[in-house]
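# Remarks on the overall topology
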Amino acid sequence: MDRLVVGGGARLNGEVAISGAKNAALPILCAALLTRETLELTNVPELNDIGTMLKLLEQMGVRVSREEDRVSLDAGGLHNPVAPYELVKTMRASILVLGPLTARCGEARVSLPGGCAIGARPVDQHIRGLQAMGAEIGVEHGYVQARTPRLRGARLFTDMVTVTGTENLMMAACLAQGETIIENAAREPEVVDLARCLVSMGARISGAGTDVIHIHGVDRLHGARHRVMPDRIETGTFLCAAAITGGRVRLTGTSSGYLDAVVDKLMDAGCEIHSEKAPGSESILIQAPSRLKAVSIRTAPYPAFPTDMQAQFMAINCVAEGSAVIRETIFENRFMHAVELIRLGAEIQIDGNTAFIIGAERLQGATVMATDLRASASLVLAGLVAEGETHIERIYHLDRGYERIEQKLGALGAQIRREQA
Ligand code: EPZ
């Protein structure tokens, strides 16, 4: 397994291009299942999770072609509405094929994703919503088996805000008979990007981005072209990399519009952040102070502070001036980066879903282990400021969600290299 070796001490400086959003591209790839025609996408990030999803779609009979950030999908020959355990266990977002397959084929057999490092992450809301739309659903031998002559519109209310739950049900509703209303819907920008793509395919959707989404089912969708939105979590991660190293970085191909909660916290920490708009392009310029002030955060559904940025801010608080409290309200086990940061000399106490951090003057490099995607990012951030070298093992987690991270950070002046372990 590969490892990253990160040298501490460099202030990041320069320009970095942000890739397309993993968590928008994944549901949008599944939207191709809803039509017999071709869906052409651009700004698709080159990530392991994207590769896994394309493999999953191909084994169903979807014709996929890919060239750099351009992907085209043709599900005209869809013949195998099955998502096998071997693929689903490596990527939980595979559950996103359940809604589209049930809507398009009238049946689906999708392996239950199982838990993951950050929590049990059940899919009961996805199943409940499809049942309310008339699907007969059984769970046997670890698989969700769905069947229906045709889904019918329904009023759905999810028990909690669920991003992929909202996305799955919105996609299924596009081909249902009648109107579906999803209440308590997720408001994340990735849900809005998916809705934009579906509307360009002929879907009738209103309210995406609010907590009530209306979908009027149609008989079929047609092909379309769609450019995936920029990745706001990659954007936030690179803003944190500039912040923690006291650097000055311009992030291009992205905007701060979807990151107000994160930008506010970085400004509270002492950073200057400016959005730059030019015809056809947007960027963000961040200028960090030599030492950040500690900032407390509480994660919650969009537009509040995103759970996917929690680990990165824990790293920031490990070396900031003062102490901070981090409350993680979305996942039950999303503090695994804390014990690894403590190995670097951080002062962190965990009590349930609350972490108490006292900023240290400095961290010392050590060997640490990545446990999940965003935890890996926090270890890279800490390595950028720790004295000496930090060796980060199991970085396959990182490769799932960050495109060419060592090249991008290296181009900003970071000392970082990948080693075959
Ligand atoms: C999406 O996961 C993202 N993944 C996650 O990003 C992100 O952390 C999460 O939303 C929260 O913003 C993708 O979009 C592919 P949820 P998702 O359903 O949809 C519970 C990353 O780092 N729940 O919004 O799986 C669930 O256990 C990843 O890129 C149920 O109980 O998250 C959690 O506690 C990590 N039953 C809460 O709701 C359900 O049926 C929110 O989960 C569904 C969810």
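The structure displayed is predicted, hence computed values, not measured ones.

### Focus on the overall build of the protein chain
Helix and strand counts for the protein chain stand at 14 helices and 24 strands. Taken against the 2.2 N^0.38 rule, which gives 22 Å for 421 residues, the C-alpha radius of gyration of the protein chain at 21 Å falls within 12% of a compact globule. Classification of the 421 residues of the protein chain by burial places 57% in the buried group. Just so you have it, the protein chain exposes about 16300 Å², and 47% of that area is on carbon and sulfur atoms. A gap of 2 Å separates the mean positions of the 43 positive and 49 negative side-chain charges of the protein chain.

### Some words on the sheet that holds strand E18 (residues 297-298)
Pairing is mixed across the open sheet formed by four strands, whose spatial order is E18-E19-E21-E20. For this open sheet the edge positions go to E18 and strand E20 (347-351), each flanked by a neighbour on one side alone. The pairing of strand E19 (residues 323-327) with strand E21 (residues 354-358) spans five bridges and is antiparallel. Among the inter-strand pairings, Arg327 is bridged to a residue of E21, identified as Thr354.

### Focus on the sheet that holds strand E4 (residues 63-67)
Taken in spatial order, the four strands of this open sheet run E4-E5-E3-E14, and their pairing is mixed. The open sheet is flanked by E4 and strand E14 (224-227), the only strands paired with a single partner. Mean inter-strand twist for the sheet, computed between neighbouring axes without regard to direction, equals 15°. In this sheet, E14 lies alongside strand E3 (residues 38-42) in parallel orientation, the contact comprising four bridges.

### Quick word on the site of the ligand
In the region of the ligand, 21 residues are neighbours, and Gln125, Thr162, Thr164, Asp308 and Ile330 sit closest. The side chain of Asn23 places a nitrogen or oxygen atom 3.0 Å from an oxygen atom of the ligand. The contact in question runs from an oxygen atom of the ligand to an N or O atom on the side chain of Arg374, over 2.8 Å. Expressed as a share of its isolated accessible area of 830 Å², the protein-covered part of the ligand is 87%.

### Here we look at the packing of helix H10 (residues 310-319) against helix H11 (residues 336-343)
Between H10 and H11, the least distance of the axes is 10 Å, while the angle of their chain directions is 25°. One way to sum up the angle between H10 and H11 is to call them roughly parallel. H11 is crossed by H10, and the crossing has right-handed handedness. Only His337, Ala338 and Leu341 of H11 make contact with H10, whose side of the interface consists of Gln310, Ala311, Met314, Ala315 and Cys318. Its residues placed into classes, the contact of H10 with H11 shows six nonpolar, two polar and no charged.

### With respect to the pairing of E3
Residues Leu39 and Leu41 line the buried face of E3, whereas the alternating positions Thr38, Glu40 and Thr42 sit on a face that is not buried. Sheet analysis places E3 next to strand E5 (residues 70-74), joined by four bridges and oriented antiparallel. In the strand pairing of E5, Thr38 is matched with Asp74.

### Let's talk about the packing of aromatic side chains
Aromatic ring pairs are defined here through the distance separating the ring centres and the angle between the ring planes. One pass over the structure, following the stated rule, counts one aromatic pair. Where Phe305 meets Phe313, the ring centres are 5.0 Å apart and the plane angle is 85°; that geometry is what we call edge-to-face. In this structure Phe313 comes out as buried when scored by relative accessible area, which is 0%. The lysine or arginine in question, Arg109, covers the ring of Tyr143, its NZ or CZ lying 4.2 Å from the ring centre.

### Notes on helix H12 (residues 373-385)
An α-helical turn contains 3.6 residues, so a residue and the one three or four places further along point in the same direction. Of all 13 residues that make up H12, twelve are buried, and the element is covered over most of its length. When H12 is considered as a whole, its buried residues turn out to be Leu373, Arg374, Ala375, Ser376, Ala377, Ser378, Leu379, Val380, Leu381, Ala382, Gly383 and Leu384.

### Some details on unusual backbone geometry
Backbone torsion omega between Tyr302 and Pro303 reads 10°, so that peptide bond is classified as cis. Turning to its location among the elements, Pro303 is positioned in the loop between E18 and H10. Even without being glycine, Glu68 reaches a positive phi, approximately 55°. Within the fold, Glu68 resides in the loop between E4 and E5. Look at Asn184: it is not a glycine, yet its phi comes out positive at around 65°. Looking at the element boundaries, Asn184 is found in the loop between strand E11 (179-183) and helix H7 (189-200).

### Some details on helix H6 (residues 163-173)
With respect to burial, H6 is a largely interior element, nine of its eleven residues being buried. Looking at H6, one finds that the buried residues are Gly165, Thr166, Glu167, Asn168, Leu169, Met170, Met171, Ala172 and Ala173. The distance from a side-chain oxygen at the start of H6 to the backbone nitrogen of Gly165 is 2.9 Å, and the residue carrying that oxygen is Thr162.

### Examining the nonpolar core
With 76 residues, the main nonpolar core has Val97, Met170 and Leu198 as its most contacted residues. Top element by residues in this core is helix H1 (residues 22-31). It accounts for seven residues. For Val97, the contacting residues outside a window of four places in its chain are Cys30, Leu33, Met53, Leu56, Leu57, Met60, Ala83 and Val110. Core analysis: the second largest hydrophobic core is formed by 68 residues, Leu239, Leu266, Val295 and Leu412 among them.

### Some remarks on the side chain of Asp231
Locating Asp231 in the fold gives a position in the loop between E14 and helix H8 (232-244). Of note is the side chain of Asp231, whose polar atom sits 2.9 Å from the backbone nitrogen of Glu234.

Here is what the cut-offs are and how they apply
- Residues numbered from 1 in each chain as written.
- Predicted model: local features only at pLDDT ≥ 70, side-chain atom pairs only at ≥ 80, totals over all residues.
- Heavy atoms only, no water.
- Helix = DSSP H or I, 4+ residues; strand = E, 2+ residues; numbered from the N terminus.
- Rg over C-alpha atoms; globule rule 2.2 N^0.38 Å.
- Buried < 20%, exposed > 50% of the residue type's maximum accessible area, 1.4 Å probe, protein only.
- Areas by Shrake-Rupley, 256 points an atom, 1.4 Å probe, with all protein chains shown as cover.
- Lys, Arg positive; Asp, Glu negative; His and termini not counted.
- Charge placed at Lys NZ, Arg CZ, Asp CG, Glu CD.
- Pairing = 2+ DSSP bridges.
- Axes fitted to C-alpha atoms, helices over the stretch in contact; angles between N-to-C directions.
- Near = heavy atom within 4 Å.
- Polar contact = N/O pair within 3.5 Å; in protein donor to acceptor, adjacent residues only side chain to side chain.
- Parallel < 35°, antiparallel > 145°, perpendicular 65-115°, else oblique.
- Left-handed = near helix turned anticlockwise from the far one by under 90°.
- Contact = heavy atoms within 4.5 Å.
- Nonpolar A, V, L, I, M, F, W, Y, C, P; charged D, E, K, R; others polar.
- Phe/Tyr/Trp six-rings, centres within 6.5 Å; stacked < 30°, edge-to-face > 60°.
- Lys NZ or Arg CZ within 6 Å of the ring centre and 35° of its normal.
- Core = buried A, V, L, I, M, F, W, Y, C linked by side-chain atoms within 4.5 Å.

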